[in-house]
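Breakdown of the fold
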Amino acid sequence: MRYVFLVFILGVIGVLAILGPRGEVSTRPPLEVFSDMDRMPKYQPQAKSAFFADGRTDRLPVDGTVARGTYYENEYYSTGESGEEFGSGFPIGVDYDSISRGEDRFNIYCSICHGAAGDGDSMTKKYGMLTVANLTEQRLVDYTDGQLYDVVKNGKGLMLGYADRLTVEDRWNVVLYVRALQRAANGTVDDLTPAKREELGL
Ligand code: HEC
């Protein structure tokens, strides 16, 4: 008799477990046997802190800290400045690889505003962004390489900097490509080889 009773109870539990209430929507928090660290005390960005004296959870780095991967012994390489002035020259290899990489980055990050040829004739201009600079104009040809690098890194006027999107090396690659666009836009007959000049009858 005991067995029959036990089997009956287990049967009822089994049936309830399989066919019991399902698909019901509840607004109550679910029963949690193991919470699997779903909830734990932590600070949300920009939230208040009762722990730190200034009441902020976001902490500034300790004075003099240099984040990993952001220290460059060569100041010109990372800032475009030599002493107080913008310097000139390329602290990266000036070769086909650099310029191709520069072209690739330029087309991703700059052409939308400055145009694929760098002349400022771009999609955003079509939609009303009229102040975008023509990178091939003489004023910018006269910029030193370091000065162009600084614009890419820190931005200028209405333009944001690209320090967080382009690595130091890529910024230089882009500047190198901008130099190529400037030469292409301002080329003269003298840039042609004698053979080419003859071919064109110039
Ligand atoms: C969202 C649009 C936009 C993008 C993207 C953009 N620029 Fe600009 N850029 C501008 C505008 C607008 C100006 C004019 C800023 C001003 O004079 O206020 C400008 C100005 C410049 C200048 C001239 C600065 C000066 O001193 O007059 C250079 C050089 C330049 N950009 C290079 C770049 C390069 C290289 C990239 C890609 C890494 C880039 N820009 C991406 C909008 C953009």
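Described in the following lines is the structure provided in the data block.

What counts, and where the lines are drawn
Residues numbered from 1 in each chain as written. Predicted model: local features only at pLDDT ≥ 70, side-chain atom pairs only at ≥ 80, totals over all residues. Heavy atoms only, no water. Core = buried A, V, L, I, M, F, W, Y, C linked by side-chain atoms within 4.5 Å. Buried < 20%, exposed > 50% of the residue type's maximum accessible area, 1.4 Å probe, protein only. Helix = DSSP H or I, 4+ residues; strand = E, 2+ residues; numbered from the N terminus. Contact = heavy atoms within 4.5 Å. Axes fitted to C-alpha atoms, helices over the stretch in contact; angles between N-to-C directions. Parallel < 35°, antiparallel > 145°, perpendicular 65-115°, else oblique. Nonpolar A, V, L, I, M, F, W, Y, C, P; charged D, E, K, R; others polar. Near = heavy atom within 4 Å. Polar contact = N/O pair within 3.5 Å; in protein donor to acceptor, adjacent residues only side chain to side chain. Donors = N, O, S within 2.8 Å, 3.2 Å for Na, K, Ca; no water. Tetrahedral: all angles 85-135°; square planar, octahedral: opposite > 155°, others 65-115°. Patch = residues over 30% accessible without salt bridge, like charges linked within 9 Å, V, L, I, M, F, W, Y side chains within 5 Å. Areas by Shrake-Rupley, 256 points an atom, 1.4 Å probe, with all protein chains shown as cover. Salt bridge = Lys/Arg side-chain N within 4 Å of Asp/Glu carboxyl O. Expected span 1.5 Å × (residues − 1). Left-handed = near helix turned anticlockwise from the far one by under 90°.

A closer look at the nonpolar core
Phe106, Val152, Trp172, Val174 and Val178 are the most contacted members of the largest nonpolar core, which totals 21 residues. Counting residues per element, the ones that place at least two in this core are α2 (75–79), α7 (145–154) and α8 (168–185). It is α8 that provides the largest number of residues to this core, a total of seven residues. Aside from chain neighbours lying at most four places away, what touches Val178 is Phe106, Leu135 and Leu148.

So, the packing of helix α3 (residues 96–109) against α8
Packing of α3 against α8 leaves a shortest axis separation of 7 Å and a crossing angle of 90°. One element, α3, and the other, α8, form an angle in the roughly perpendicular class. On α8, the residues touching Ser98, Ile99, Arg101, Gly102, Glu103, Arg105 and Phe106 of α3 are Asp170, Asn173, Val174, Leu176, Tyr177, Val178, Ala180 and Leu181. A class-by-class count of the residues in the contact of α3 with α8 yields eight nonpolar, three polar and four charged.

A few points about the environment of Pro91
Along the polypeptide, Pro91 turns up in the loop between β2 (85–86) and α3. Since its relative accessible area comes to 27%, Pro91 is described here as partly exposed. Here the alpha-carbon distance between Pro91 and Gly155, two residues 64 residues apart in the chain, equals 20 Å. In contact with Pro91, not counting residues within four places along its chain, are Asn74, Tyr76, Tyr77 and Trp172.

Considering the environment of Asp63
Along the polypeptide, Asp63 turns up in the loop between α1 (2–19) and α2. Along the sequence, Asp63 and Thr124 sit 61 residues apart, while their C-alpha atoms lie 41 Å from each other.

Structural notes on the site of the ligand
Taken together, 23 residues lie around the ligand, and Cys110, Cys113, His114, Tyr143 and Met159 are the ones closest in. Here an oxygen atom of the ligand and a side-chain polar atom of Arg139 are 3.0 Å apart. Lys156 places a polar side-chain atom, nitrogen or oxygen, 3.0 Å from an oxygen atom of the ligand. Elements with a contribution of two residues or more to the shell around the ligand: α4 (111–114), α6 (138–141) and α7. Classifying every residue of the shell around the ligand gives 18 nonpolar, three polar and two charged.

Side note on the coordination of the iron atom of the ligand
Ideal values differ by geometry: the angle at a metal is 109.5 degrees with four tetrahedral donors, but 90 or 180 degrees with six octahedral donors. Protein coordination at the iron atom of the ligand comes from His114 (NE2) and Met159 (SD), with a distance range of 1.9 to 2.0 Å. Geometry at the iron atom of the ligand is octahedral, judged from its six donor atoms and the angles of 86 to 178° they form at the metal. Pair noted here: His114 is in helix α4 and Met159 is in strand β4 (residues 159–160), with a separation of 45 residues, a long-range link.

What to know about a nonpolar patch on the surface
Among the surface-exposed residues, Tyr3, Phe5, Leu6, Phe8, Ile9, Leu10, Val12, Ile13 and Leu16 lie close enough to one another that they form a single nonpolar patch of about 1,000 Å² accessible area. Look at Leu10 and you get exposed, because its relative accessible area is 57%.

Description of α8
Two residues of an α-helix separated by three or four positions point the same way, owing to the 3.6 residues in each turn. For α8, which comprises 18 residues, the first-to-last C-alpha distance of 26 Å matches the rise-based estimate of 26 Å (1.5 Å per residue) to within 8%. Most of α8 sits inside the fold, with 13 of its 18 residues counted as buried.

Some details on the packing of α7 against α8
In the contact formed by α7 and α8, the axes pass within 9 Å of each other and the chain directions differ by 120°. Taken together, the axis directions place α7 and α8 in an arrangement best described as oblique. For the element pair α7 and α8, the recorded crossing hand is right-handed. Facing Asp145, Gly146, Leu148, Tyr149, Val152 and Lys153 of α7, the residues of α8 in contact are Val168, Arg171, Trp172, Val174, Val175, Val178, Arg179 and Gln182. Split by residue class, the contact of α7 with α8 holds eight nonpolar, two polar and four charged.

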